[in-house]
Amino acid sequence: MQEPDRQEGLLLKRRKWPMKGWHKRYFLLEKGILKYAKHGADLKKGKLHGCIDVGLSVMSIKKKAMCIDLDTEDNIYHLKVILDAQIYEPSSAEFSVILCRLSLFLDNVHKCLNTYRCLLSFPASDSHKRHSQQLSECPAGSHSLVHQVSNESRASIPESISEFFDAQEYLVSSSSSENEVRDSLLSPLLPVLDVESKMHSVVTLARRRSTLPSPCPTSSVSLWNILRNNIGKDLSKVAMPVQLNEPLNTLQRLCEELEYSELLDTANQTQDPYQRMVYVATFAISAYASTYHRAGSKPFNPVLGETYECDRPDKGFRFIAEQVSHHPPVSACHSDSRNFTFWQDVRWKNKFWGKSMEIVPMGTTHVTLPAFGDHYEWNKVTSCIHNILSGQRWIEHYGEMAIKNVNSDACQCKITFVKAKSWSSTVNEIEGVVTDSNGKVVHSIFGKWNESVFQGDPPSATCIWRANPMPVDQEQYYGFTQFAVEMNELDSTLRPLLPPTDTRFRPDQRLLEEGNPEGAEEQKQRIEQLQRERKRVLQDNSMTHQPRFFKKSKDDTWVSNNTYWELRRDPGFSKIDFPVLW
């Protein structure tokens, strides 16, 4: 393999002490060794601040946030790309080319890491493609990026395109040196920008909230009084007080499974069918990551006809969900993207066994990849919340997940979520294999569903996925990830576009989010009574509920009827009649 070219330029490096914060440093990557100094001249004189053997480090590259984390075991280095966002706001054409340069640079780093047999986390997908459709047309002979661009990922800003402009806290002065960095970034792009000079649109940015309005209130509810008469029973029919809930519901929980949708973006761009299966399997595993800190509360149960939409241009997908059945409770969802389609209908049985509660899901998850005509299916595994009545609650997932491509028998995947053993300290482990049509193992994966997934065998395994860092003080806010914090946000621009059945309008959930459990409990009982009254009216008139946005398929599963986004656009939900849910 040809040795990668030498790479050098300015990056922001985070310091813990002294003078903690972000500081500009000049970096040089050559032959697998990353050196850095205060200035380029110091590097030439040998006045190094540090030297990192990349081949012996674990690297995590967050392409959307343009940050690199290097874990050398002794130290963890956090690096970010520089862009003076307050001075310069790129057009969509410039934005496209910047991303293209970054992609080429990261590809170069990837080759370097493979050369030196390092551990690498490389989410190769690009969730900005919705805004940068020219990226795939970037010429292969483009120069590698010398000065890369980014800012620190804050809890207040999701890892999205808004990272490019969130320079308030970490922006170094608007000095001539900063302008030089910007100019050096754009100088090789000018010929391309001239070609795209007719494009004047600017990327639309969504500032999303960084925390909930109020921390979770303390609860004095006695679970034993509620559960003692329901041991071994299905708890989906047992009314629970609102103090046991978190301010999200099951429909939003389904959307949380798409937090790491970039894995599917990557799969749709991967030619090797076995490697595609690895990315799809990793995506299926990542859906459980957000549950790790959420054992202390349960989501709200959606009422019949309740809906939820999530439109995320920064991640390149849009999502809808609807509660299509009340007894048994069934939630259906559908998400589409340029790189994938995702849908499922899920029903759960919750059983309390005295000290733990077991959640047994039923239903199948589907993903299609348009580039290859693949259609993947898999089942969910059993979840169990331990120490329900006393002690620290914790959740584990166990069982086997089988993934198959129904349009091809070239490969299959089996993942085992390992059940914790009382005599072992290892928990949350997963292990799996991708096999060919003859059953021969082609790839193996391992890791922890709440932390990371690796492909291969230690010590030369490659990190395929790593969970995002949790927000500050997450334990005070229901253990929500940043993605979960954004789920129930309702701003003035979105409000008139949503149907009145959208979860964000649900008053009991909103009151709990705002720290008013008493008001939330009152509203919850009123909403449940309204649901009972609607059910009685249907029964009296020999009618059944018909979901608005989903329909039964031939195999008796719920699938989208593909009307939601059309009706949202024309005539708009404000001109359509909906049942009064709350």
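Here's a quick rundown of the structure. Please read all numbers here as calculations on a predicted model, not as lab measurements. (Residues numbered from 1 in each chain as written. Predicted model: local features only at pLDDT ≥ 70, side-chain atom pairs only at ≥ 80, totals over all residues. Heavy atoms only, no water.)

Considering the nonpolar core
Okay, so step 1: Counting residues in each nonpolar core, the largest one holds 65 residues, and the members touching the most others are Phe319, Trp378, Met401, Ile403, Ile415 and Phe417.
Okay, so step 2: Tallying contributions element by element places helix H8 (residues 273-286) first for this core, with eight residues.
Okay, so step 3: Residues contacting Phe319, with those up to four places away along its chain left out, are Leu251, Leu254, Cys255, Leu258, Tyr308, Glu309, Cys310, Cys333, His334, Ser335 and Trp565.
Okay, so step 4: Leu34, Ile52, Ile68 and Leu70 belong to the second-largest nonpolar core, a separate cluster that totals 15 residues. (Core = buried A, V, L, I, M, F, W, Y, C linked by side-chain atoms within 4.5 Å. Buried < 20%, exposed > 50% of the residue type's maximum accessible area, 1.4 Å probe, protein only. Helix = DSSP H or I, 4+ residues; strand = E, 2+ residues; numbered from the N terminus. Contact = heavy atoms within 4.5 Å.)

Things to note about the pattern of salt bridges
Okay, so step 1: A full pass over the atoms with the stated rule returns 23 salt bridges.
Okay, so step 2: Salt-bridge contacts for Arg312 lead to Glu486; the nearest nitrogen and oxygen are separated by 2.8 Å. With a gap of 174 residues between them, Arg312 in strand S11 (residues 307-312) and Glu486 in the loop between helix H9 (482-485) and helix H10 (507-513) connect regions that are remote in the sequence. Of the two residues, Arg312 and Glu486, neither departs from the other in class, the shared state being buried.
Okay, so step 3: Residue Asp345 is joined to Arg347 by a salt bridge in which the shortest nitrogen-to-oxygen separation is 3.2 Å.
Okay, so step 4: By relative accessible area, which is 4% here, Asp345 ends up buried.
Okay, so step 5: Residue Arg347 is classed as partly exposed on the basis of its relative accessible area of 25%.
Okay, so step 6: Through salt bridges that share partners, Arg208, Arg312, Asp314 and Glu486 make up one connected network. (Salt bridge = Lys/Arg side-chain N within 4 Å of Asp/Glu carboxyl O.)

Overview of unusual backbone geometry
Okay, so step 1: Looking along the chain, the bond that leaves His327 and enters Pro328 is cis, with omega of 0 degrees.
Okay, so step 2: In the segment running from Pro458 into Pro459, the intervening peptide bond is cis, with an omega of 0 degrees.
Okay, so step 3: Residue position: Pro459 is located in the loop between strand S23 (452-455) and strand S24 (462-466).
Okay, so step 4: Here Asp556, not a glycine, exhibits a phi torsion of approximately 70 degrees, which is positive.
Okay, so step 5: Here Asn562, not a glycine, exhibits a phi torsion of approximately 60 degrees, which is positive.

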